[in-house]
Structure formats: C-alpha cells, structure tokens
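Listed below, chain by chain, are the residues.
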Amino acid sequence: LRIETMRDNAIVDSFLEEFKELEAALAKAAGQVEGFSSYTKNLQQCYSQRRIPLLQVDDNFAFLKSCAEVRNLLVHICVPTSACLERFIELSQRIRFPKRAGDIATRGNHLLTATLKTPILTLAKRMVAKGLSHVPVIEEGKLLGIFSATSFFDLFNQEGTLSLDADTTLERIRDQISICNHRSETFIFCRPDTILADFASLLGRKGKQKRRVAAVLVTEDGSASGKLVGIITASDLVKA
C-alpha cells in the first residue's frame, strides 16, 4: 500500500466494485442468505471450513483478509497499488467464477452448427426459436466462421443492398461470417479446462480493435484451428 492523492480514483473505483462482488460471492459460499453480511466473517468461515480451495493456496487468505482493511481505509488516505488491485481482482474472479469453460459451454447435441450449404433464412429462424445469438459455421470438421445478426449488417454495409431468398445459403456471405471479418465483433478461443475467471471479464467488452468480444469458442486445444467442442456467450455466463 502507499499514500496517494485522489488522482487514483480509477483504482479506488475498480477496487470497491470488485470488493462488492466478492463480498456477495463470499456470503453465498458461506451460506449467508439474508441480513447483514460481514466480508471478514464470511471469508474466515469459507477458509476454516475449506469451502473455497483457492483460500488454502499460498497466502491468498491472508491477502484477501488484508483487503478488508484497505476497503475500510479508502475513505481516508490509503489507496491500493496497481499490483494489489490486479491480484485482488484475479483472486476475486477465480472465487466468483470457479467453473471451467467446458462446464458451461453450449456443446454436444445442444450446439447448433451450420455449413456453407445451410439456407440463411432457415438458420435465422432456428436461432430465433432457440434464442441463440451466434452459430458456428463448420466445414469438414473445421471452423470457418460465425453467423450472427451482425452478418446481415456487414453484408449490407459492404454491398449497399441485402437480397436474400429461401434458397440463399451461407456461401453467399462467406466473407462476412469469417472470424476475422466481423466489423463490430471479435472472438476468443480457449480449452475446455480454462477457468471462467480467465475470460469472464472480457465477454461483452471492447478489445484493442474496438470490437466487442461476442463469444468464447471452446476448442480441444484452445486454438483457432482446433476442433470446436462448444461456444460460450454472455447469456451462458449469467447462468453459470
């Protein structure tokens, strides 16, 4: 910790926001259902009863306990360092999102996929019926791209027109559905055993190229060329 001025408002806000989320997660893990919930008391209970394995590792418990003092001192002169904030957020999210990608990904028989021969309008109707926002397009076992509502907008923006009939297939918009060609969306890849904390905060946010991370594509080896086993969108994360 260090003495700082209020130029560190961004650090303070980030710390307090994450503290509030972790406080709620600890209360839930400790079985606190209503009334006042003490961060320190719930943290101690989760640690002593081994409800959260991560607390038994290294000095994570001691660190998170000390963060309660940081929160109490924030109204005075104490501001967490960037390193402190980074570690606190990492531990908080690992506690809040302990599941792994394979646990929540839409996969198997529930995973709707398409090929370049799939009629666009037929696929769109299926997506509406199933409440899906993105559908992987597969060809010979390989991921060619992602079809979503933005595919229509990208096509219209590029050609200035949008003419589709019942026989128009995804081959017609092959360029638009490519992973790299979505103008407003981007996608990240991970392995099935990747913990949610590693990507939960990225979903729905804009990356360096000002494109929103629309989905996480789960492949066997975590690469773009690996075999697709599932897909995770923001709605899957909410249900986790």
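Residues numbered from 1 in each chain as written. Predicted model: local features only at pLDDT ≥ 70, side-chain atom pairs only at ≥ 80, totals over all residues. Heavy atoms only, no water.

**Q** Requested: an account of the overall build of the protein, with residues and values cited.
**A** Regarding its fold elements, the protein presents 9 helices and 8 strands. With the C-alpha coordinates aligned to their principal axes, the bounding extent of the protein is approximately 65 × 40 × 35 Å. Put simply, the protein has 240 residues, and 42% of those count as buried. Taking contacts inside the protein between residues at least 6 apart in sequence as the whole, the part at least 24 apart equals 64%. Counting every atom, the protein has about 13700 Å² of accessible surface; 51% of that belongs to carbon and sulfur. If the 32 positive side-chain charges of the protein are averaged to one point and the 28 negative ones to another, these points end up 3 Å apart. (Helix = DSSP H or I, 4+ residues; strand = E, 2+ residues; numbered from the N terminus. Buried < 20%, exposed > 50% of the residue type's maximum accessible area, 1.4 Å probe, protein only. Contact = heavy atoms within 4.5 Å. Areas by Shrake-Rupley, 256 points an atom, 1.4 Å probe, with all protein chains shown as cover. Lys, Arg positive; Asp, Glu negative; His and termini not counted. Charge placed at Lys NZ, Arg CZ, Asp CG, Glu CD.)

**Q** Please give an account of the pairing of strand β8 (residues 228-232) that cites residues and values.
**A** Across the 5 residues that make up β8, a large majority, 5, are buried. Alignment of strand β7 (residues 212-219) against β8, held across 4 bridges, turns out to be antiparallel. Looking across to β8, one finds that Val218 is bridged to Gly230. (Pairing = 2+ DSSP bridges.)

**Q** So, helix α4 (residues 82-96): which residues are in play, and what are the values?
**A** Between its terminal C-alpha atoms α4 stretches 21 Å, which fits the 21 Å expected from 15 residues at 1.5 Å a residue. Those residues of α4 not exposed but buried are Cys84, Leu85, Phe88, Leu91, Ser92, Gln93 and Ile95. Buried residues along α4 sit against α1 (9-30), α2 (39-48) and α3 (60-73). (Expected span 1.5 Å × (residues − 1).)

**Q** Please provide a residue-by-residue account of unusual backbone geometry, values included.
**A** Of note, the phi angle at Arg50 is positive, near 55 degrees, even though the residue is not glycine. Topologically, Arg50 is positioned in the loop between α2 and α3. Taking relative accessible area as the criterion, Arg50 reaches 60% and is therefore assigned exposed. The phi dihedral of Asp58 falls on the positive side, at around 50 degrees, and the residue is not glycine. When you line up the elements, Asp58 lands in the loop between α2 and α3. According to the relative accessible area criterion, Asp58 is exposed, its value standing at 71%.

**Q** Could you give an account of the sheet that holds β8, with specific residues and numbers?
**A** Taken in spatial order, the 4 strands of this open sheet run β3-β8-β7-β6, and their pairing is mixed. Whereas interior strands pair on both sides, the edge strands pair on one side only; in this sheet they are β3 (106-107) and β6 (185-190). With 6 bridges connecting them, β6 and β7 associate as parallel partners. Residue pairing in the sheet places Phe189 in a bridge with Leu217 of β7.

**Q** Which residues make up the packing of α1 against α2, and what values go with them?
**A** A pair of packed helices is characterised by two quantities: the angle between their axes and the separation of those axes. Remark: α1 packs on α2, axes separated minimally by 9 Å, with the N-to-C direction vectors making an angle of 50 degrees. When the interaxial angle is binned, α1 and α2 end up oblique. For the pair α1 and α2, the crossing hand works out as left-handed. Across from Phe19, Leu22, Glu23, Leu26, Ala27, Ala29 and Ala30 in α1, the residues of α2 making contact are Tyr39, Asn42, Leu43, Gln45 and Cys46. Within the contact of α1 with α2, the residues separate by chemical class into 9 nonpolar, 2 polar and 1 charged. (Axes fitted to C-alpha atoms, helices over the stretch in contact; angles between N-to-C directions. Parallel < 35°, antiparallel > 145°, perpendicular 65-115°, else oblique. Left-handed = near helix turned anticlockwise from the far one by under 90°. Nonpolar A, V, L, I, M, F, W, Y, C, P; charged D, E, K, R; others polar.)

**Q** Which residues make up the packing of α2 against α3, and what values go with them?
**A** The contact between α2 and α3 brings their axes to 10 Å, and the two run at 170 degrees. One finds that α2 runs roughly antiparallel with respect to α3. When α2 is examined against α3, the residues Tyr39, Thr40, Leu43, Gln44 and Tyr47 are found in contact with a partner set consisting of Phe61, Leu64, Lys65, Cys67 and Ala68. Looking at side-chain class alone, the contact of α2 with α3 contains 7 nonpolar, 2 polar and 1 charged residues.

**Q** Account for the environment of Thr150, with residues named and values stated.
**A** In this fold, Thr150 is placed in helix α7 (residues 149-159). You can call Thr150 buried: its relative accessible area is 16%. Sequence separation between Thr150 and Ser184 is 34 residues, and the spatial gap between their C-alpha atoms is 7.6 Å. Apart from residues lying up to four places away in sequence, Thr150 is in contact with His182, Ser184 and Glu185. A distance of 2.7 Å separates the side chain of Thr150 from the side chain of Ser148, its partner in a polar contact. Here His182 takes part through its side chain, which lies 3.5 Å from a polar atom of the side chain of Thr150. (Polar contact = N/O pair within 3.5 Å; in protein donor to acceptor, adjacent residues only side chain to side chain.)

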